[in-house]
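Fold and geometry: a report
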Amino acid sequence: MSGVVLSNRAALLEGMRRSGFDALIAVTPTNVAYTSGLDLYTQTLIPDRLVMTLTHANGLSLLVIWGGERDKVERDAQISYASYYAEFGDSPIAALAAVIIQQGLQRGRIGIESRFFPLGAFQELTRLLPEASFADGEEVFTGARMIKTADEIALLQRVAWIVDRATQLAAGLARSDETERAFAQRIVANLLTLEQEEVTGLDGIVAAGPNAPVMHHLSSHRPIRRGEMLRYGAKCRVLGYWCIILRMAAMAEATPQQMDSYARFADIYHSTLEQLKPGVRACDVYATCLRHVERHGMRLISEKVGHGTGLAFREPPILQATDYRALQPDMVLAYDYLVLDQYGAPFHIEDRVLVTEKGPVLLSDVIDTRSLAILGQY
């Protein structure tokens, strides 16, 4: 993936200018990846081993990181300069303060991720830089990340297709009485075969029968019985970017009730998906979905019907009742919601959708979800 541009640096710098920041400090894995191009699973695994970036208003991007990651930094990072510290003995905050002073920002106005910056670390930083001023800069990061670059869109589209295709291939071999776990393992194996880049956070998702209503059930050793409804798909991160694709099916056979309820749900889902256009407010998408669900005699369980997605699994805008932001071109949305039919049966699928001036583009279009799939018919 060398040469790709997975951050909207122009939007980030413009956001800094509007907010009056001389620099931004990123401390979360999401924004460190966004400002450095470095996807580090160890940052989540060992959170006290701080990794931080300093983005200067002049466009420079500087990284402060444990020295043991030097090889990965030199291979993958897209930065101007890296400052390394020893894990035991050196203070990462002292290293950060030194970089800030080196850049002549010791009296600057600096944006931080105030919800996530460790309190002890922040106290040390303000002690080392008594003349600097600090303010919350999280909205600058999220504002830039909402609008995807062409390379981000290409990556998200490719990963959505691969997850959908891996799911389709695994479903073609599904049979009644196999376990959820066996089905899920096929999805995972297919995905790892199809995807060439590093994959993290990978799980197959298969939830059948009594497990189907459990929103975040992954898989178990429970057999999938004939006639049961199931949700199936996968979640993963590729180069730090999240994707979840979910589908529904009946195992071996479906009742008229299951067919009818799914048909109503699919009509709601696909007709409301068409409203994902520039200028439409997030809250209005939610309200429209709620009206359609109720008109079809079903009940909306989800408190949202989708959200932006990318390096963070859930990014603004959130398609819920109190988010008044308007959709914009080049947003990529996770579109999904759980409804119950009049019998209490759950229905839920999830897609990735690109917002464009010409209308929504379904990025996960391998499996046709307009009609209920029947698995295991062979």
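Residues numbered from 1 in each chain as written. Predicted model: local features only at pLDDT ≥ 70, side-chain atom pairs only at ≥ 80, totals over all residues. Heavy atoms only, no water.

Re the overall build of the chain
Rules: Every helix listed is a DSSP run of H or I at least four residues long, and every strand listed is a run of E at least two residues long, numbered separately from the N terminus. For the exposure calls, accessible area comes from a 1.4 Å probe over protein chains only, and a residue counts as buried if that area is under 20% of its type's maximum, exposed if over 50%, partly exposed in between. By definition in these notes, contact holds between two residues if any of their heavy atoms fall within 4.5 Å. Throughout, the Shrake-Rupley method with a 1.4 Å probe supplies accessible areas, and for residues the shown protein chains are the sole cover considered. For the charge count, each Lys or Arg is scored as positive and each Asp or Glu as negative, with His and the chain ends excluded. Where a charge lies is defined by one atom per residue type: Lys uses NZ, Arg uses CZ, Asp uses CG and Glu uses CD.
When helices and strands are counted, the chain shows 11 helices and 16 strands. Going through the 378 residues of the chain one by one, you find that 54% of them count as buried. In the chain, the share of contacts with a sequence separation of at least 24, taken over all contacts with a separation of at least 6, comes to 67%. On the chain, roughly 16100 Å² of surface is accessible, and the fraction owed to carbon and sulfur atoms is 52%. Positive and negative side-chain charges of the chain, numbering 37 and 44 respectively, have mean locations separated by a distance of 3 Å.

Structural notes on the side chain of His307
Rules: Counting of polar contacts relies on pairs of N or O atoms within 3.5 Å, with two restrictions inside protein: one atom must be capable of donating a hydrogen and the other of accepting it, and residues adjacent in sequence are counted only when both atoms are side-chain atoms.
As for its placement among the helices and strands, His307 is situated in strand 11 (residues 306–308). On the basis of relative accessibility, which here comes to 1%, the residue His307 falls in the buried class. Of note is the side chain of His307, whose polar atom sits 3.5 Å from the backbone oxygen of Phe313. Residues in contact with His307, not counting those within four places in the same chain, are Phe313, Arg314, Glu315, Pro317, Ile318, Leu319, Val332, Leu333 and Ala334.

Side note on the pairing of strand 13 (residues 332–340)
Condition: Whether two strands pair depends on DSSP finding at least two bridges between them.
Summarising burial for strand 13: 9 of the 9 residues are buried, a large majority. Side chains Val332, Ala334, Asp336, Leu338 and Leu340 project from strand 13 onto one buried face, and the interleaved Leu333, Tyr335, Tyr337 and Val339 project onto a second face that is buried too. Pairing analysis gives 2 bridges linking strand 10 (residues 299–300) to strand 13, with the strands arranged antiparallel. Residue pairing for strand 13: Arg299 is matched across the bridge by Leu340. One ladder, built from 3 bridges, connects strand 11 with strand 13; its direction is antiparallel. Counted as the bridge partner of Gly308 is Leu333 from strand 13. In this structure, strand 13 lies alongside strand 14 (residues 346–354), joined through 9 bridges in antiparallel fashion. Paired with Ala334 across the strands is Arg352, a residue of strand 14. Hairpin connection, strand 13 to strand 14: the antiparallel pair is bridged by 5 residues, and Gly344 has positive phi, about 85°.

Comments concerning the sheet that holds strand 2 (residues 52–56)
Cut-off, in case you're wondering: For helices, the fitted line uses only the C-alpha atoms of the stretch in contact; every axis is such a line through C-alpha atoms, and the angle between N-to-C directions lies from 0 to 180 degrees.
Ordered by their spatial adjacency, 6 strands build an open sheet running 4-3-2-1-5-6, and the pairing between neighbours is mixed. Pairing within the sheet leaves two strands with one partner each, and these edge strands are strand 4 (81–85) and strand 6 (133–136). For this sheet, the mean inter-axis angle between neighbouring strands, taken without regard to orientation, is 25°. Note that strand 5 (residues 109–112) and strand 6 share 4 bridges and pair parallel. Within the sheet, the bridge partner assigned to Ile112 lies in strand 6 and is Asp136. On top of the sheet, helix 1 (residues 9–19) reaches strand 1 (23–26), strand 2, strand 3 (61–66) and strand 5; it is set at about 70° to strand 2, its chief contact.

Considering the side chain of Thr272
Tracing the backbone shows Thr272 in helix 10 (residues 256–273). Polar side-chain contacts of Thr272 include one of 2.8 Å to the side chain of Tyr335. Reaching out from Thr272, the side chain makes a polar contact with the side chain of Tyr337 at a distance of 2.9 Å. In contact with Thr272, not counting residues within four places along its chain, are Thr288, Cys289, His292, Tyr335 and Tyr337.

Focus on unusual backbone geometry
Backbone torsion omega between Pro316 and Pro317 reads 0°, so that peptide bond is classified as cis. Mapping Pro317 onto the fold places it in strand 12 (residues 315–318). Even without glycine at this site, Asp177 takes up a positive phi of about 75°. Despite not being glycine, Ala252 has its phi angle at roughly 75°, a positive value. Mapped onto the secondary structure, Ala252 falls in the loop between strand 9 (241–251) and helix 10.

Points about the nonpolar core
Note the following rule: Residues grouped as a nonpolar core are buried Ala, Val, Leu, Ile, Met, Phe, Trp, Tyr and Cys residues, joined through side-chain atoms within 4.5 Å.
The biggest cluster of nonpolar side chains holds 55 residues, and the ones touching the most others in it are Val163, Phe183, Leu191, Val206, Leu230, Tyr232 and Leu375. In terms of residue count, helix 8 (residues 150–171) provides more of this core than any other element does, 10 residues in total. Beyond its immediate stretch of four places on either side in the chain, Val206 contacts Glu180, Phe183, Ala184, Ile187, His217, Leu218, Ser219, Ile224, Leu230, Arg231 and Tyr232.

Points about the pattern of salt bridges
For side chains of opposite charge, pairing can occur when their charged atoms come near one another. To keep things clear, this is the line we draw: A carboxyl oxygen of Asp or Glu within 4 Å of a side-chain nitrogen of Lys or Arg is what we treat as a salt bridge.
If you walk through the whole model with that rule in mind, you get 25 salt bridges. The residue Glu195 makes a salt bridge to Arg158 at a minimum N-O spacing of 2.6 Å. Residue Glu195 is located in the loop between helix 9 (180–194) and strand 7 (199–208), and its partner Arg158 is located in helix 8; the two are separated by 37 residues in the primary sequence. By relative accessible area, Glu195 is classed as buried at 5%.

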